[in-house]
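Close look at the chain arrangement
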Amino acid sequence: MCGIVAYTGNKQAYPFLINGLKRLEYRGYDSAGVALLSENQIRLYKKQGKVADLERFCATEDLSAHTGIAHTRWATHGEPNDENAHPHLSEDGSLALIHNGIVENYLSLKNELLKRGYVFKSHTDTEVLIHLIQDIRKTEQVDLVEAVQMALSVVVGTYALAILSSEYSKQIIAAKKGSPLLIGLGKNEFFVGSDGAPIVEYTQKVVYLNDEEVAVLHPDKELQITNIRNEKQRPSIQKLELKLEQIEKGGFEHFMLKEIFEQPKAIVDSMRGRINTQKDVVSLGGIIEYENKMLNAKRFIIAACGTSWHAGLVGEHIFESLIRVPVEVEYASEFRYRNPIINEDDVLIAISQSGETADTLAAIELAKRKGATVIGICNVVGSSIARSTHAGSYTHAGPEIGVASTKAFTAQVTVLTLMALSLARKKGTISLSYYYQLVNGLGAIPEKIEAILKKNDEIKEIARYFVDKQNVIYLGRGVNFPVALEGALKLKEISYIHAEGYPAAEMKHGPIALIDEAMPVVILATEQETYEKIVSNIQEVKSRRGKIISIVSEGDETVKNMSDFCIEIPKTEELLSPLVASVPLQLLAYHVALLRGCDVDKPRNLAKSVSVE
Ligand code: M6R
């Protein structure tokens, strides 16, 4: 979603700001803007479209300044256009503001400000905030920091923001609640980013702002942090856990392809140090303190969104099968609003790649209020979800930049499997032989994914068949039903082809009406308990002249002979099969989207981290 960068120091601000905006493009946005402060004057440039459009728009301007703020906006309030793009100015032009998040009470605040004669140029909630700050400053006769603190005290909602003032040369005010913001510390310079991507090139010393903190950045002064009640806070300086090469394409055409190919490593990294050399102990350091709570849990609730929710569905199979404790998998967005029954002996597992998904965060807070133990599975170190859960395990997949989640999914399933194995062993709900079979099976997964990645060209050829299709059905059963959902999500979000995932047996309860010679049906038919039933499901599709694209275990001639296209993948234990079966579907979606000329890494309307409701 929206992205923030800001700079104040002795260097030129604009090159950092524009480069920073490019680094944040992966988050998804529809307009961009920059405000520069020099000689007590604010100059503002903003444009609908890509950062490159903004760059062209500014090309002939004088862009010299040592202080500036810049933003990529993902529209919530008001359509994507130049006026609604950030930064927004106060009425007298003396203040400029960029903002991530949502001011939920913006309408009542706006009505109040309209009555007081303020004129609005945009339809955004952000503009309300800058007029409010200006109004408080004038009427209360307070300095700017106090005005910001007072304004933020009346705001309901979330914010990460940065403010320039023509009165305070070289100064930036930054604040945060519910939306991440970090400050990079250089020598007589400060960098601000909504994540580490714009900053990592310049410094690894960072301060993560906490909720309701307000920071004042001035290159000639120490970093000052207060909260919105004006109480002094002590900055905690941390090392930014990010490397520049991790956020670059490294020779791949797209981040998505790079991330698909990184899966063998991501899985190895997610397992690293968690299985001892004798393989008889699986242990996740981050949850040790809460292990007893997990061992005694009467029920697990998994809350997540999108791909992470699909990983949760796979987790449900693995947990129930190995630990024999009931698991419920919830869309975080629904869970938070339906007054769910949560008991103190429940354990909620929140899964999130970004660690910033607003609905998942709200589900966590709800579960905590009701006394449940909350465990996180996150990819982004230090993210809001990682910090708000009682304990958790990182996935260690490395930064995921492509909007379509790939390596995060397989890493999440890996961590869920490790969790289940560790608990099952301690509870005695798994036989020793099956335990070793799964541990060894997990260890062999990276190599099996390598073998699938070698089929990239073969899958690219199959993708041609999909280019002009309007609809695709994905079918799977058991632990591979979530893989069908995930395959369909990948295809629809990046190729814009309508795709639906179904449990294969559900087809005859409705979707079979859609099958004709124009309908491709992607079916997961690897070796599993219900294999024979899947073969029958394939017959049902074929009888109606549907086209079969199957994913089968190596050597399966039966389904291969029934299929129009077939991708063979290495055999593995049924419970682990999502880790391999999801990979050809990722590659298929990637190639279809590419052939259709879609922007694979930044699909329309989507954001990488959905930090608003
Ligand atoms: O960062 P999270 O894992 O919490 O994000 C959840 C979803 O927004 C995310 O998985 C989304 O569905 C992806 N675009 C899927 O590829």
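Below or above, wherever it landed, is the structure these notes cover. All of these numbers come straight from a predicted model, not from anything done at the bench. (Residues numbered from 1 in each chain as written. Predicted model: local features only at pLDDT ≥ 70, side-chain atom pairs only at ≥ 80, totals over all residues. Heavy atoms only, no water.)

Details of the layout of surface pockets
Estimated volume of the largest pocket: approximately 1,000 Å³. Those elements giving two or more residues to the lining of the largest pocket turn out to be strand S15 (237-239), helix H7 (263-271) and helix H12 (384-388). Take the lining of the largest pocket: its biggest share by element is three residues, from H7. (1 Å grid on protein atoms, 1.4 Å probe; cavity = no way out; pocket = protein on both sides within 12 Å on 5 of 7 lines; lining within 4 Å. Points joined across faces, edges and corners; volume = space filled by probe spheres on them. Helix = DSSP H or I, 4+ residues; strand = E, 2+ residues; numbered from the N terminus.)

What to know about the sheet that holds strand S5 (residues 88-89)
Working definition: the strands of a sheet are paired by backbone hydrogen bonds and lie parallel or antiparallel to each other. Spatially, S5-S6-S7-S8-S12-S13-S14 is the arrangement adopted by the seven strands of the open sheet, whose pairing is antiparallel. Edge positions in the sheet fall to S5 and strand S14 (232-233), since each of these pairs with one other strand and no more. Sheet contacts for helix H4 (residues 125-140): S5, strand S6 (95-100) and strand S7 (159-165); angle to S6, the most-contacted strand, approximately 140°. Its contacts with the sheet place helix H5 (residues 144-154) against S6, S7, strand S8 (172-177), strand S12 (213-217) and strand S13 (224-227), and it is angled at close to 155° to S12. (Pairing = 2+ DSSP bridges. Contact = heavy atoms within 4.5 Å. Axes fitted to C-alpha atoms, helices over the stretch in contact; angles between N-to-C directions.)

Examining the site of the ligand
Near the ligand lie 15 residues; those nearest to it are Ser-308, Ser-352, Ser-354, Thr-357 and Glu-493. In the model, a nitrogen atom of the ligand is placed 3.2 Å from a nitrogen or oxygen of the Val-403 main chain. Taking 410 Å² as the accessible area of the ligand by itself, protein coverage stands at 91%. Contributing elements (two or more residues each) for the shell around the ligand: helix H9 (306-323) and helix H16 (481-495). In terms of residue class, the shell around the ligand is built from five nonpolar, eight polar and two charged. (Near = heavy atom within 4 Å. Polar contact = N/O pair within 3.5 Å; in protein donor to acceptor, adjacent residues only side chain to side chain. Areas by Shrake-Rupley, 256 points an atom, 1.4 Å probe, with all protein chains shown as cover. Nonpolar A, V, L, I, M, F, W, Y, C, P; charged D, E, K, R; others polar.)

A short note on empty space enclosed by the protein
Going through the model one piece at a time under the given rule, you end up with three cavities of 30 Å³ or more. Counted as a void, the largest cavity has a volume near 70 Å³. Among the secondary structure elements, those contributing two or more residues to the lining of the largest cavity are S6 and H4. Split by residue class, the lining of the largest cavity holds three nonpolar, eight polar and two charged. Estimated volume of the second largest cavity: approximately 40 Å³.

These figures come from the coordinates and say nothing about function on their own.
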